[in-house]
Amino acid sequence: MYRSKKLQFLFKKNLLTSKARSYCETTQLAKIDKILIANRGEIACRISRTAKRLGIKTVAVYSDVDRNAMHVDLADEAYCIGPAQSSQSYLRQDKIISVAKQAKCQAIHPGYGFLSENVEFAELCQKENIIFIGPPASAIRDMGIKNKSKEIMAKAGVPVIPGYHGDDQSNETLLSEAKKIGFPLMIKAIRGGGGKGMRIVLNENEFLNALESARTESQKAFGDSAVLLEQCVDKPRHVEVQIFADKHGNAVYLFERDCSIQRRHQKVIEEAPAPGISQELRLELGETAVRAAKAVGYIGAGTVEFIMDRTNHKFHFMEMNTRLQVEHPVTEVITGLDLVEWQLKVAAGGVLPLEQEKIHLRGHAFEARIYAETPRNNFLPGAGNLFYLRTPETSETVRVETGVRQNDDVLVHYDPMIAKLVVWGSDRNEALRILRSKLCEYNVTGLDTNIEFIKDLCLHPDFQNGEVHTGFIAENSKKLFPDLRVPNETLIQGAIALILYEEMNALSISLKTNNPFSPFATETGLRLNHVLSRTFNFSVDNKNMEVNVKYIEPEVFSMRTNNIGPWRRVIGTLKKINNALELNTEIDGVIRRARVTKLGNRLHLFTNTREWQLNIANPKFLSELTKNVQLQPSAVVSPMSGIIDKVFVKRGDKIVQGDALVVIVAMKMEHLVKAPVDGIVEDVFCTVGDKVSKDELVVKLSE
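These numbers were taken from a predicted model, which means no experiment stands behind them.

*Asks:* Any chance you could break down the packing of helix α8 (residues 171-181) against helix α9 (residues 204-222) for me, citing the residues and the numbers?
*Replies:* Each pair of packed helices can be summarised by the angle the axes make with each other and by the distance between the axes. Between α8 and α9, the shortest axis-to-axis distance is 11 Å and the interhelical angle comes to 130 degrees. On the basis of the axis angle, α8 is oblique to α9. Note that α8 runs across α9; the crossing there is right-handed. In this structure, α8 uses Asn 171, Leu 174, Leu 175, Ala 178 and Lys 179 to contact α9, whose residues at the interface are Glu 204, Phe 207, Leu 208, Leu 211 and Arg 215. Of the residues contributing to the contact of α8 with α9, the split by class is six nonpolar, one polar and three charged.

*Asks:* I'd like a description of the domain arrangement of the chain, backed by residues and values.
*Replies:* For the chain, the domain assignment lists domain 1 (34-133), domain 2 (136-159 + 237-362), domain 3 (162-231), domain 4 (368-482), domain 5 (488-617) and domain 6 (623-702). Taking only C-alpha atoms into account, the centre of domain 3 sits 33 Å from that of domain 4.

*Asks:* I'd love a proper account of the pattern of salt bridges, names of residues and values included.
*Replies:* Proximity of charged atoms lets side chains of opposite charge pair with each other. Taken as a whole and judged by the stated rule, the model has 48 salt bridges. The partner of Glu 230 in a salt bridge is Lys 188, and the shortest N-O contact between them spans 3.1 Å. Taken together, the residues Glu 230 in strand β9 (residues 227-231) and Lys 188 in strand β7 (residues 185-189) connect sequence positions 42 residues apart. In this pair, the class of Glu 230 matches that of Lys 188, namely buried. Across the salt bridge formed by Arg 568 and Asp 588, the nearest N and O atoms sit 3.3 Å from each other. Here Asp 588 lies in the loop between β28 (580-587) and β29 (590-599) and Arg 568 lies in strand β27 (residues 564-577), a separation of 20 residues in the sequence. Note on Asp 588: relative accessible area 44%, which makes it partly exposed. The network of salt bridges with common partners includes Arg 46, Arg 53, Glu 332, Asp 338, Glu 341, Lys 345, Arg 399 and Glu 401.

*Asks:* Describe the packing of aromatic side chains, listing the residues and the values that go with them.
*Replies:* One pass over the structure, following the stated rule, counts 14 aromatic pairs. Look at Tyr 253 and Phe 255: their rings are 5.9 Å apart centre to centre, the planes differ by 85 degrees, and that puts the pair in the edge-to-face class. Residue classification places Tyr 253 among the buried residues on the basis of a relative accessible area of 10%. A centroid spacing of 5.3 Å and a plane angle of 20 degrees characterise the contact between Phe 453 and Phe 481, whose relative ring orientation is stacked. With Phe 453 in helix α14 (residues 451-459) and Phe 481 in the loop between α17 (477-480) and α18 (488-510), the pair connects residues that are 28 residues apart, well separated along the chain. Here a set of aromatic residues connected by ring pairs shows up, and it is made of Tyr 90, Phe 114 and Tyr 414. The ring of Trp 567 has Lys 550 sitting right over it, with the charged end atom 4.4 Å from the ring centre. It is Arg 610 that lies over the ring of Trp 612; its NZ or CZ is 5.3 Å from the centre.

*Asks:* Residues and numbers for the sheet that holds strand β1 (residues 34-37), please.
*Replies:* Taken in spatial order, the five strands make up an open sheet running β3-β2-β1-β4-β5, and their pairing is parallel. Among the strands making up the open sheet, the edge pair consists of β3 (77-80) and β5 (131-132). Relative to β3, strand β2 (residues 57-62) runs parallel, the two being bridged by four bridges. Along β3, the bridge assignment pairs Tyr 62 with Cys 80. Against the sheet, helix α2 (residues 41-53) makes contact with β1, β2 and β4 (107-109), and its axis sits at roughly 175 degrees relative to β1, the strand it touches most.

Cut-offs used in this document
Residues numbered from 1 in each chain as written. Predicted model: local features only at pLDDT ≥ 70, side-chain atom pairs only at ≥ 80, totals over all residues. Heavy atoms only, no water. Axes fitted to C-alpha atoms, helices over the stretch in contact; angles between N-to-C directions. Helix = DSSP H or I, 4+ residues; strand = E, 2+ residues; numbered from the N terminus. Parallel < 35°, antiparallel > 145°, perpendicular 65-115°, else oblique. Left-handed = near helix turned anticlockwise from the far one by under 90°. Contact = heavy atoms within 4.5 Å. Nonpolar A, V, L, I, M, F, W, Y, C, P; charged D, E, K, R; others polar. Domains from an automatic or database assignment. Salt bridge = Lys/Arg side-chain N within 4 Å of Asp/Glu carboxyl O. Buried < 20%, exposed > 50% of the residue type's maximum accessible area, 1.4 Å probe, protein only. Phe/Tyr/Trp six-rings, centres within 6.5 Å; stacked < 30°, edge-to-face > 60°. Lys NZ or Arg CZ within 6 Å of the ring centre and 35° of its normal. Pairing = 2+ DSSP bridges.

Here you go:
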């Protein structure tokens, strides 16, 4: 049966042996038995696992704050290369080369990000006689400069979007070319990536301001302010093709991925194959991508990205990523191949393990990126401690790629992505069903994540039908951020959880007393011959709710919500598991299960459909004090944990509403904090380089 032949996941021995060519018969391979992984987080862990399976020793590098990180523990050796800032550690080419030599590594795997697409680093590796596990420096250079890459692609017969890619960067020339292209159009940094230096211009009046903004951002991010102009495709799809090439002139494609679901031009969900793509179009995409790779003499793993019109499926070259992509696992699970293994073999001089006709597509896969961020607050990133972390069990259809564990700190210095959840199904519907189910098993407390947002995204009918495009999140924001209406049963679960928490704590205290068997030591709120009544007050999304409780008999309660409706009979138990508690609640004869954690005044309830965060109300007098402080517009607080990058004001400055106060940098994102009201700066509580927490006071204003 087809089910019994389901695609086996990666890291199983002899996965490729039946189909692989004989390397030794074909070419003399370079010796690679020890590699340095010039990265951190989940990709460093991912590379390490494949290397170990192949019997290759691994060397990790780490910054001061990553000393206890997972990627360090997985490696055979690890070397500290500097402070937390990437510029002083993971981007220090000299230190990484020095470690590689000291550890006697034959090769360096750069992963993605950091130095993975750095021409100078690839050249330095070659100069130092160290194998760079990636493409030639010339290919990185040609594909890294957008105007040059489009020129090369056009000559190779690869379709490109009409636009201006010239060297004349004067305002007059760019405006003139913009008028020829027509509005709306895109301004893009020629060395851009990740949405940096990119602006959509709707009309001529907006052009010069948008141009200046794009130039400034590009100069800061890439050290180059040059831009190109392109015709704007309205709400296109982002479809990319995974290619692989070796040093012997062979190149293949491993089918396409759809990465259209994005926020801030960064991917959230990727899937393979792309939905709604015909076999003929799939073939055309693949062959075009191979043609693009051969045009630059490509070697190794690469991704050719296309902009595709979602109505007529016409596609144009966007850029080529000269590295392993974050989303490579979805390609791995639909083909049954280990792309890191292919990288290692190609880097050693081997031929590609498979010819094109032996690469087959099976089923459908999704990857959901788990970010430390708050989607309901404009996706602001947020660092913090992983107080509780429960991930889905891995299997033949489920894979979790991560670089963090429970109690690890997610740091402000690096990317907010903490994991990738990858699932496979026999078709798209099955894969999507598995994805949502496994997201419900992914529990995190200590910091906010986008897990609930992805669940809601999976339920959107257009997404379920594969009708995706790069503007999908913005276009459907109202449906993707519905009002949170807490079910009465969830509120009751919250109340019983707090009661059982109290009893558990009381029991713990009683065991430390001289007479632990006294009823006064173990019963909370004990009053003899009295039916105790209580009210629990919660708030969710700034909406207040309450649960009325009567203690009927030991372990039995009567409850109702918001003083309306019938009283309901409730029984509950708590069982401690790691940093969480497993809650079993019986409400009028129906049993419901949830996992519970309590952090400060917030109760986290993980039900079988979603996480509910119930804020526990403070006593009334304390709530009033807090409310008075929070309502003062003169107190300007940090919207997220981060590092102060710029301070624009000093004590005594007169400012007006909207003036820039400070810039906070966190997880590769800048956030400008503006004055909420007119006033005078009474005090500034931060300086450049300071680390600030979410809701920490940074500036105080007075009238």
